Each structure stands twice: as C-alpha cells, then as structure tokens.
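Remarks on the overall topology
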Amino acid sequence: MFFSKRLLPGPVWTHFLAAGCLLYLILGWLFPPPKPVLGPPSEARLDLMVSGFVRMTGETPSESDMARFIDLELRDELLFKEALKLKLHLRDVSVEQRLIRNMRFLDPTTEETDEALVSRAMDLNQHLTDEVIRRRLVQVMSQLITASSGADLISESELEQAYEERKEEFIAPPRVSFSHVFLSDASPAEAEEVLNQVVAEGLTPREALNYGTAFLAGFDFRDVRWNEVHSRFGREFAEALATLVEQDPSRSGWIGSIASVYGQHLIYLDAYQAERPQQLDEVVEQLRWDIRTLKEEEALDEVVQGMMASYEVRRQ
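Helix and strand content of the chain: 14 helices and 8 strands. For the chain, with 316 residues in total, the buried portion stands at 34%. In the chain, the share of contacts with a sequence separation of at least 24, taken over all contacts with a separation of at least 6, comes to 73%. For the chain, the accessible surface area stands at approximately 20,400 Å², while carbon and sulfur atoms represent 55% of it.

This is the structure in structure tokens:
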C-alpha cells in the first residue's frame, strides 16, 4: 500500500475500496453479463407461415423465404418482449378484455369481478401464452415505434419525385357509361326490330324501357370499368360492347343490340373514356400512403435492429 498511499493520501481502507472498485470495473469489462436470449423461433408459428405461403402461392417456400419467415418471427418475439418490459399489457384495454373473456370461458359460473379475473389470469401467465394478446402487444409496440418516426411528414417534393419515378404505373383504365333495355325472351332478329322501332320513334333510354322487362342489376351504368361490365353481364357481352364502343369512341346514342347470358339488350352509349395516364392530383393520396408505409417500415426495421443488438439471437 506504500505506492498507493503516495498517489492517494488517506486511510488504508480507502485504498482497498478504490482497488476493489477498479477490479470490479475490470472484471465487468472482461466478463460482461450474458445477454438475454432471443429465439429460437417457434416451430408452430413457422409452420403456420409455411402453410399460408403454400396455400396462397401453391409453391414450397425457398431457403430465402424461410429466412424471411424466421426474421419475421424473431422480430415479433422481440417486440413482444419489449412490450412486456414496458408493461404495455397492464395498460391495454384489449388485453384486459381478452383475459377476462378467457377466465369466464374457463369458469362460466364465476362471480369474481373483472379486476380479480385479470389478476388471476396474470398469475396463470395467460398474457404470455395467449396468441391474440401476443399479436396485440406486437401491434401496439410497432405503433409506438412508428408514431415517433415522423413518417407522416411528407413533403411536396417527395410526392413529386415518387410520382415521376412511378408515373408509368398510374394508368386510368377505360370507363364506359351506358343504358340498356332488357329483352328477356327476344331473339337477335327480334331485338334488332325493336331497336329500329326505338330509333325511329326517337326514344330516350328511359322512354324505351316500355319495350323491355325488369333487370335486377339496373338499367343505367355510369363510369364503369370493363371488369365491372363483365361481372354484371358476362364475358361475351363485355367483349361485344367493347368492340362496338371502340369502333368509334366519340359517338353516343343507340349503337346496337348485344346478347348476354340473360338475354338480349338494346344499348344506348352515353360516353366512353379510353385508357389514359393519371395526373399527380389523382394519385397523390395513394402516393402519400405508400411513402408513409415505407417510412414506417424502415423506422421499425432500424429500431428492431438496434434492440436486437442487446440480445443473443438464436435462429435455430
């Protein structure tokens, strides 16, 4: 202690204390406490991801798909653990109601208060094992992270740049406006005769309804897409109408009779709008949504990666 007394005057016990503190710091640096373990991912949840993938794509997941599933499961497990650290399960109404419902399902005759049921459910660790609660806490934790990311602050220049990069995607599909008179039992020749009569009398579509019968889907269709026409009248009708309309897109009036799966229809064309590029003001809300979603995903990924650094991650 002679050397230490020259450097640090004072009682001998202070020298022992200083040496002990220094030794503790050195040992803590050389042998840090073990990190909490994250993983391995749940086999049951991975199996659900795989079955969902096969059901949607009809294909077996590749190695890269499986790696992505593992990343997603580890991310959700991390968010769940962090949510528990913050005690979010004690402040969330949805979690509370889920626990109460579970306990009343287990004991329908119980007379315990909701508060008592929640407390008992916590003692049984239901908040740790219930999948609905787990998904809820992952969702809440994700929302807390993204809410502070500033993802909703999107400038006009960002919107304009995104539009320029993607404007080839934004194409307004063709739309058609027409009215029809339904002739349920008429042959094509009879439908043509009725159409000639309607044209000769100069009838409007509303006036011409007297020649037809009721049609459940209605008689007037405004700004509908071809797939909507297809779903209401059938493929052959939609293709025949498209052929008639596209021969002279600028015309309007009675253009002919067309057969559908239901019968014959006399067609009055009001207007046709061909496919065209959409302008920024037409797609700005979609762009705003896409940019915000991307920013939120990036912010969440960044925070998750930072959190994972404090865990020992086991992928298998």
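Once that is clear, we can look at the packing of aromatic side chains. Following the criterion strictly, the structure yields 12 aromatic pairs and no others. Aromatic side chains Trp254 and Tyr268 sit 5.2 Å apart centroid to centroid with 80 degrees between the ring planes, which places their arrangement in the edge-to-face category. Here Trp254 is found in strand E5 (residues 253-259), whereas its partner Tyr268 is found in strand E6 (residues 264-273), with 14 residues between them in sequence. Take Tyr268: its relative accessible area is 22%, and that puts it in the partly exposed class.

If you walk through the whole model with that rule in mind, you get 23 salt bridges. With a closest N to O distance of 3.0 Å, Arg136 and Asp92 form a salt bridge. Placement of Arg136 in helix H8 (residues 131-147) and of Asp92 in the loop between helix H4 (63-85) and helix H5 (93-106) is noted, with a sequence separation of 44 residues between them. Under the relative-accessibility criterion, Arg136 is labelled partly exposed at 27%.

As a further point, take helix H12 (residues 226-233). Within H12 the residues assigned to the buried category are Trp226, Val229 and Phe233. Buried residues of H12, seen end-on, are gathered within an arc of 55 degrees and therefore sit on one face of the element. For H12, the exposed residues set more than 90 degrees away from the buried face come down to Asn227 and Ser231. Next to the buried residues of H12 lie strand E3 (175-183), strand E4 (220-224), helix H13 (235-247) and E6. Just downstream of H12, Gly234 is the residue with a positive phi angle, here 105 degrees.

The N-to-C vectors of H4 and helix H14 (residues 280-308) enclose an angle of 75 degrees; their axes lie 11 Å apart at closest approach. Compared by their axis directions, H4 and H14 come out roughly perpendicular. On H14, the residues touching Leu74, Arg75, Leu78, Leu79 and Glu82 of H4 are Leu300, Val304, Met307 and Met308. Across the contact of H4 with H14, the residue classes tally to 7 nonpolar, no polar and 2 charged.

Parameters at a glance
- Residues numbered from 1 in each chain as written.
- Predicted model: local features only at pLDDT ≥ 70, side-chain atom pairs only at ≥ 80, totals over all residues.
- Heavy atoms only, no water.
- Helix = DSSP H or I, 4+ residues; strand = E, 2+ residues; numbered from the N terminus.
- Buried < 20%, exposed > 50% of the residue type's maximum accessible area, 1.4 Å probe, protein only.
- Contact = heavy atoms within 4.5 Å.
- Areas by Shrake-Rupley, 256 points an atom, 1.4 Å probe, with all protein chains shown as cover.
- Phe/Tyr/Trp six-rings, centres within 6.5 Å; stacked < 30°, edge-to-face > 60°.
- Salt bridge = Lys/Arg side-chain N within 4 Å of Asp/Glu carboxyl O.
- Arc of directions from axis to C-beta.
- Axes fitted to C-alpha atoms, helices over the stretch in contact; angles between N-to-C directions.
- Parallel < 35°, antiparallel > 145°, perpendicular 65-115°, else oblique.
- Nonpolar A, V, L, I, M, F, W, Y, C, P; charged D, E, K, R; others polar.

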